[in-house]
Amino acid sequence: MHTEKNLYPKIYDFQNLYDAYRKAIRKKRWRRSSLVFGRHLEENLIELQNELIYEMYRPGAYYTFIIREPKQRVIMAAPFKDRVLHHAVCNVIGPIFESGFFFHSYACLPGKGTLAGVEATERMLRSFGDKKVYCLKCDIHHYFASIDHDVLKRLIRRRIGDERTLRLLDVIIDSTDESIGIPLGNLTSQLFANIYLTELDRFVKQDLRVRRYIRYMDDFVLLSTSKEELHRCRKEIEAFLWEHLRLKLNTKTDVFPASRGIDFLGYRIWAHKRLLRKRLIKQMRHTLKHFQKGTTDWEHAKQVTASWLGIVERSDAKGIREAMEDIARRWFRIERGREE
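Residues numbered from 1 in each chain as written. Predicted model: local features only at pLDDT ≥ 70, side-chain atom pairs only at ≥ 80, totals over all residues. Heavy atoms only, no water.

S.K.: When you look at the nonpolar core in this model, what are you seeing that I'm missing?
M.R.: Soluble globular proteins tend to pack their nonpolar side chains together in the buried interior. Residues L52, Y143, I156, L222 and I237 are the most contacted members of the largest nonpolar core, which totals 73 residues. The greatest single-element share of this core, amounting to ten residues, is contributed by helix α5 (residues 80–98). Ignoring sequence-local partners within four residues, the contact set of L222 consists of Y134, C135, L136, V204, V210, R212, Y213, L230, C233 and I237. A116, C135, I214 and F264 belong to the second-largest nonpolar core, a separate cluster that totals 21 residues. (Core = buried A, V, L, I, M, F, W, Y, C linked by side-chain atoms within 4.5 Å. Buried < 20%, exposed > 50% of the residue type's maximum accessible area, 1.4 Å probe, protein only. Helix = DSSP H or I, 4+ residues; strand = E, 2+ residues; numbered from the N terminus. Contact = heavy atoms within 4.5 Å.)

S.K.: Looking at this model, I keep getting lost on the sheet that holds strand β3 (residues 134–139). Mind explaining?
M.R.: Remark on secondary structure: sheet strands pair via backbone hydrogen bonds, oriented parallel or antiparallel. Strand order in this open sheet of four strands is β4-β5-β3-β6, and the pairing throughout is antiparallel. Pairing within the sheet leaves two strands with one partner each, and these edge strands are β4 (212–216) and β6 (254–257). Recorded for the sheet is a direction-independent mean angle of 20 degrees between the axes of neighbouring strands. The sheet contact formed by β3 and strand β5 (residues 219–224) spans six bridges and is antiparallel. Among the inter-strand pairings, L136 is bridged to a residue of β5, identified as L222. (Pairing = 2+ DSSP bridges. Axes fitted to C-alpha atoms, helices over the stretch in contact; angles between N-to-C directions.)

S.K.: How should I be thinking about unusual backbone geometry in this particular structure?
M.R.: Excluding glycine, most residues fall at negative phi; most peptide bonds, likewise, are trans. Backbone geometry places N6, a non-glycine residue, at a positive phi of 55 degrees. Tracing the sequence through the fold places N6 in the segment before α1 (8–12). A residue is classified by how much of its surface remains accessible, and N6, at 62% relative accessible area, is exposed. The phi dihedral of R246 falls on the positive side, at around 60 degrees, and the residue is not glycine. Mapped onto the elements, R246 comes out in the loop between α11 (227–245) and β6. By relative accessible area, which is 39% here, R246 ends up partly exposed.

S.K.: Looking at this model, I keep getting lost on the sheet that holds strand β8 (residues 267–269). Mind explaining?
M.R.: The antiparallel open sheet is built from three strands, whose spatial order is β7-β8-β9. Of all strands in the sheet, those bounded by a partner on one side alone are β7 (262–264) and β9 (274–276). Between one strand axis and the next, the sheet turns by 30 degrees as a mean value, whatever way the strands run. Alignment of β8 against β9, held across three bridges, turns out to be antiparallel. For R268, the partnering residue across the bridge sits in β9 and is L275. Each of β7, β8 and β9 touches helix α6 (residues 114–126); the most contacted strand, β8, lies at about 15 degrees to it.

S.K.: What should I look at first to understand the packing of aromatic side chains in this one?
M.R.: Given two aromatic rings, one states the distance between the centres and the angle between the planes to describe the pair. Across all of its chains, the model carries ten aromatic pairs by this definition. With a centroid separation of 6.1 Å and an interplanar angle of 80 degrees, the aromatic rings of Y21 and F80 are classed as edge-to-face. Here Y21 is found in helix α2 (residues 14–24), whereas its partner F80 is found in helix α5, with 59 residues between them in sequence. Take Y21 and F80: they sit in the same class, and that class is buried. An aromatic cluster is built from Y18, Y21, F37 and F80, whose rings are joined through pairwise contacts. Just above the ring of F128 sits the side chain of R212; from NZ or CZ to the centre is 4.1 Å. For the cation-ring pair, K248 lies above W242, with the distance from its terminal atom to the ring centre recorded as 5.4 Å. (Phe/Tyr/Trp six-rings, centres within 6.5 Å; stacked < 30°, edge-to-face > 60°. Lys NZ or Arg CZ within 6 Å of the ring centre and 35° of its normal.)

In structure tokens, the structure reads:
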């Protein structure tokens with residue numbers, strides 16, 4: 001396979017670093033770390049550029065915190081300078097890998113968000129017509145925490161042949177001082193995670209020859225009219241994941257009739273309708289009640305609430321949609337009154 005070389009100067013190119021900074025401050029412009037970095041922007045970018053030129057760059061310490069919705073996860077937030085570097089790296093190497101990604105991989109790519117994944121799943125279900133359809137719904141156990149550094153580096157070296165770029169990527173991959181696991185929170189981790197499971201995509205499509213398969217990061221769905229075929233696929237996928245990627249499926253993996261609805265990407269999906277997950281509805285209500293206490297930043301609350309309403313409006317749960325919109329309207333009226 002052809003490998004890309006002469007990439008490193010593109011990463012430390014000043015214009016690329018500036019473009020990376022602009023991406024890093026999106027929706028984070030007023031955070032203290034963004035303001036501090038931007039106060040002496042040119043000097044900070046030149047410093048980062050010199051660290052890269054002389055291969056002296058080393059990641060800073062992560063800030064670790066836990067989020068509990070929709071499920072408990074440990075987030076490792078990198079310092080702002082490192083986030084700029086991550087964008088600079090992804091600007092250069094991202095297109096190299098993205099061109100080889102499976103078409104029905106819906107994560108961290110333009111036009112491949114959750115809504116696109118939901119609509120693709122619905123189209124696949126409709127393609128069966130009136131036939132009885134079964135679904136194999138899979139989720140990888142502790143995915144980001146289970147990614148093997150050596151395996152990841154080997155996969156990256158299939159497409160990247162620039163030694164200086166590879167050394168930089170190794171520094172980023174090994175930034176947690178562990179041989180397994182990458183930080184859930186880094187932009188580079190999202191790209192690395194997609195690169196890692198592209199191997200699974202190839203196995204499912206080329207070896208197992210599954211026609212209807214869709215993946216969103218570590219959640220994926222196989223559809224078939226044969227329950228026996230899906231059980232066979234499950235066994236072969238489990239063997240492949242462990243042998244080649246050192247990954248395991250979690251206990252929620254199951255084969256079931258698609259007529260029950262497929263719990264995927266925040267919705268329960270059928271061929272001609274979609275409903276919100278009960279867990280997501282509960283999370284929305286909890287969040288809005290928290291906002292009503294008035295302890296949350298107003299601009300942040302507006303963004304989150306608008307996002308929730310966008311999700312609700314794309315579902316067929318009319319009653320829930322109206323209730324959520326009413327809650328949001330009442331709260332917005334209260335806040336506007338306070339501002340006045």
